[in-house]
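Remarks on the overall topology
Here is how the chains run, residue by residue.
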Amino acid sequence: MNYSQFKTPQGQMFILFDDSFVHGVYFDGQKYLPDFRQHQELNNHPVLERARQQLQAYFSGESDGFDFPLAVRGTPFQQAVWQALSEIPCGETCTYMAVALKVGNPKGVRAVAQAIGHNPWSVVIPCHRVIGSSGKLTGYAGGIDRKAWLLKREGADIPL
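Per an unreviewed UniProt entry, the protein chain carries the name Methylated-DNA--protein-cysteine methyltransferase and comes from Hafnia alvei ATCC 13337. Quoted verbatim from the Sequence similarities (unreviewed entry) field of the UniProt record, the comment on the protein chain reads "Belongs to the MGMT family."

As structure tokens, then:
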């Protein structure tokens, strides 16, 4: 497995990838950050270049979409939650309860929150678009300040 890092307006990001897929996109310092010392740093690879270009376009406001290949690995429940996150349009938010309902587990809000917190593709699978039922910004592995910045960048209506 390989990794690379690059600067964004919200700090360093790491991309974990192999010859075919991106396995994770992480902000420096976020919860559940892998130990990159176990991987080889590689800064020139087609999979990396495609991911980095799309992420840079996102951060610069030129694009809101991503289509680089993800290695989606997780439990069936995690995968269902991550799929539901992928369906939240840019500039919109939804609640943890709405995600729980979408995946057919209305009593599983905490499990949904845990699956969201373990999403290894920051920004790409938009866990930052999920807010508390009160409308407040809650829980984001990359930090609440980053969550607020990402939502503002996307034009979402968020509380001050």
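Past the structure itself, the notes keep going.
Helix and strand counts for the protein chain stand at five helices and six strands. Of the regular secondary structure in the protein chain, the N- to C-terminal order runs β-β-β-β-α-α-β-α-α-β-α. In terms of overall dimensions, the protein chain is globule-like: its C-alpha atoms have a radius of gyration of 15 Å, near the 15 Å expected for 160 residues. When its C-alpha atoms are laid out on the principal axes, the protein chain stretches across 45 × 35 × 25 Å. A total of 160 residues make up the protein chain; the buried ones form 46% of that total. Across the protein chain, every contact between residues at least 6 apart in sequence was considered, and the portion connecting residues at least 24 apart equals 56%. Just so you have it, the protein chain exposes about 8,100 Å², and 49% of that area is on carbon and sulfur atoms.

A complete count under the given rule lists ten aromatic pairs for this structure. Their ring planes at 85 degrees and their centres at 5.3 Å tell us that Tyr58 and Phe59 sit as a pair that is edge-to-face. Exposure class is identical for Tyr58 and Phe59. Each is buried. On the numbers, 5.6 Å between centres and 40 degrees between planes, the contact of Tyr58 with Phe66 is tilted. Relative accessible area serves as the criterion here: at 0%, Tyr58 is assigned to the buried category. Among the residues examined, Phe66 registers a relative accessible area of 22% and is labelled partly exposed.

Here four strands make up an open sheet; going across it, the order is 3-2-1-4 and the pairing mixed. A single partner strand is all that each edge strand has here, and the edge strands are strand 3 (22–27) and strand 4 (40–41). One ladder, built from seven bridges, connects strand 1 (residues 2–8) with strand 2 (residues 11–17); its direction is antiparallel. Bridge pairing links Gln5 to Phe14 in strand 2.

UniProt annotation of "domain: Methylguanine DNA methyltransferase ribonuclease-like" (unreviewed entry) refers to residues 2–71 when read in the numbering used here. With 20% helix and 31% strand, residues 2–71 has end C-alpha atoms that lie 13 Å from one another.

What follows is about the layout of surface pockets. Approximately 180 Å³ is the volume attributed to the largest pocket. Residue lining of the largest pocket: 14 residues in total, with Ile116, Gly117, Gly139, Tyr140 and Ala141 positioned closest to the centre. A breakdown of the residues in the lining of the largest pocket according to their chemical character gives seven nonpolar, six polar and one charged. Among the domains, domain 1 (1–58) and domain 2 (74–152) are the pair contributing at least three residues each to the lining of the largest pocket.

Here is what the cut-offs are and how they apply
Residues numbered from 1 in each chain as written. Predicted model: local features only at pLDDT ≥ 70, side-chain atom pairs only at ≥ 80, totals over all residues. Heavy atoms only, no water. UniProt positions renumbered as here; feature names shortened; annotations may be inferred. Helix = DSSP H or I, 4+ residues; strand = E, 2+ residues; numbered from the N terminus. Rg over C-alpha atoms; globule rule 2.2 N^0.38 Å. Buried < 20%, exposed > 50% of the residue type's maximum accessible area, 1.4 Å probe, protein only. Contact = heavy atoms within 4.5 Å. Areas by Shrake-Rupley, 256 points an atom, 1.4 Å probe, with all protein chains shown as cover. Phe/Tyr/Trp six-rings, centres within 6.5 Å; stacked < 30°, edge-to-face > 60°. Pairing = 2+ DSSP bridges. 1 Å grid on protein atoms, 1.4 Å probe; cavity = no way out; pocket = protein on both sides within 12 Å on 5 of 7 lines; lining within 4 Å. Points joined across faces, edges and corners; volume = space filled by probe spheres on them. Nonpolar A, V, L, I, M, F, W, Y, C, P; charged D, E, K, R; others polar. Domains from an automatic or database assignment.

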